[in-house]
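# Residue-level structure breakdown
Listed below are the residues making up each chain.
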Amino acid sequence: MKQSNLHDEVANVNEDIKRVLDAGIYGAPELKPAEKALFLSTFRERVYIALTKRQVAQNNAYQEVINEMKRIRNGILYLNGDLSYSMLSKYIKEASKASVSFTIVNDKETDTPLGLVLASKQDAIEREEIFVRDDRFSLD
């Protein structure tokens with residue numbers, strides 16, 4: 001074996017060892033952390049529908065979300081824990097009726113304008129339009 005090939009193999013093994021040690025110490029590297037922070041811990045590609053905090057704060061639940069919960073299978077509702085339980089409870093009630101599991105996401109380190117995300121648990125949906133664009137919609 002040539003000297004340069006042996007050197008390359010040793011370098012590759014050293015890099016593999018470093019990657020395994022780093023994963024053991026710091027945990028596995030997270031894919032798309034900014035995207036997951038925005039979409040309440042899930043990936044954009046899995047999202048059926050999303051509402052802003054301002055939209056979730058309205059007195060009545062959005063019919064678009066209720067209809068989507070009834071329609072989908074294997075979905076999960078992510079709710080922003082920055083919002084009060086009274087704002088979230090109408091969606092929790094609808095999720096229970098539709099047999100959709102839910103999670104309240106409490107991430108104090110990131111700020112997202114989203115208050116609710118209804119997503120697939122594991123499949124990519126790749127839906128082009130996920131927002132209800134009404135007079136309360138704004139990602140600012």
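Residues numbered from 1 in each chain as written. Predicted model: local features only at pLDDT ≥ 70, side-chain atom pairs only at ≥ 80, totals over all residues. Heavy atoms only, no water.

### Section: the overall build of the chain
Regarding its fold elements, the chain presents five helices and four strands. Beginning at the N terminus, the succession of helices and strands in the chain can be written as α-α-β-α-α-β-α-β-β. Considered along the principal axes of its C-alpha atoms, the chain spans approximately 70 × 30 × 25 Å. Put simply, the chain has 140 residues, and 35% of those count as buried. Here the chain has roughly 9000 Å² of accessible surface; of this, 50% comes from carbon and sulfur atoms. With 20 positive and 22 negative side-chain charges, the chain shows a spacing of 7 Å between the two charge centroids. (Helix = DSSP H or I, 4+ residues; strand = E, 2+ residues; numbered from the N terminus. Buried < 20%, exposed > 50% of the residue type's maximum accessible area, 1.4 Å probe, protein only. Areas by Shrake-Rupley, 256 points an atom, 1.4 Å probe, with all protein chains shown as cover. Lys, Arg positive; Asp, Glu negative; His and termini not counted. Charge placed at Lys NZ, Arg CZ, Asp CG, Glu CD.)

### So, the sheet that holds strand 3 (residues 101-105)
Taken in spatial order, the four strands of this open sheet run 1-4-2-3, and their pairing is mixed. Two strands bound the open sheet, and with one partner strand each, they are strand 1 (47-52) and strand 3. Taken over all neighbouring pairs, the strand axes of this sheet differ in orientation by 15° on average, direction set aside. With five bridges joining them, strand 2 (residues 75-80) and strand 4 (residues 114-120) adopt antiparallel strand pairing. Note on strand 4: the bridge partner recorded for L77 is L118. Contacting strand 1, strand 2 and strand 4, helix 4 (residues 63-71) crosses the sheet at an angle of about 155° to strand 1. (Pairing = 2+ DSSP bridges. Axes fitted to C-alpha atoms, helices over the stretch in contact; angles between N-to-C directions. Contact = heavy atoms within 4.5 Å.)

### Some details on the packing of aromatic side chains
Within the structure shown, the criterion is met by one aromatic pair. Aromatic pair F131 and F137: ring centres 5.2 Å apart, planes at 45°, arrangement tilted. With respect to burial, F131 and F137 carry one shared label: buried. (Phe/Tyr/Trp six-rings, centres within 6.5 Å; stacked < 30°, edge-to-face > 60°.)

### Considering the pairing of strand 1
Looking along a regular strand, one sees side chains alternate from face to face of the sheet. Judged by how many residues are buried, strand 1 sits mostly within the fold: six of six residues are covered. Looking at chain direction, strand 1 and strand 4 are connected through five bridges and run antiparallel. Each bridged residue has a counterpart across the sheet, and for A50 the counterpart in strand 4 is V117.

### Focus on the pairing of strand 3
As defined by bridge partners, strand 2 adjoins strand 3 across five bridges and the pair is classed as parallel. Looking across to strand 3, one finds that L79 is bridged to I104. Between the parallel elements strand 2 and strand 3, the chain passes through helix 5 (residues 85-97) in a crossover that is right-handed. (Right-handed = clockwise from strand over helix to strand, strands pointing away.)

### A look at the packing of helix 4 against helix 5
If you want to describe how two helices pack, look at the angle between their axes and the distance between the axes. Contact geometry for helix 4 and helix 5: axes closest at 9 Å, N-to-C directions at 25°. Taken together, the axis directions place helix 4 and helix 5 in an arrangement best described as roughly parallel. As for the relative orientation of helix 4 and helix 5, their crossing is right-handed in sense. Contacts from V65, I66 and M69 of helix 4 reach helix 5 at Y91, E94 and A95. (Parallel < 35°, antiparallel > 145°, perpendicular 65-115°, else oblique. Left-handed = near helix turned anticlockwise from the far one by under 90°.)

### Some remarks on the pattern of salt bridges
This structure, assessed with the given rule, holds eight salt bridges. Between R127 and E68 there is a salt bridge, with its nearest N and O atoms 3.2 Å apart. Of the two residues, R127 sits in the segment after strand 4 while E68 sits in helix 4, which places them 59 residues apart along the sequence. Among the residues examined, E68 registers a relative accessible area of 11% and is labelled buried. With its nearest N and O atoms 3.8 Å apart, the salt bridge here joins D134 to R136. (Salt bridge = Lys/Arg side-chain N within 4 Å of Asp/Glu carboxyl O.)

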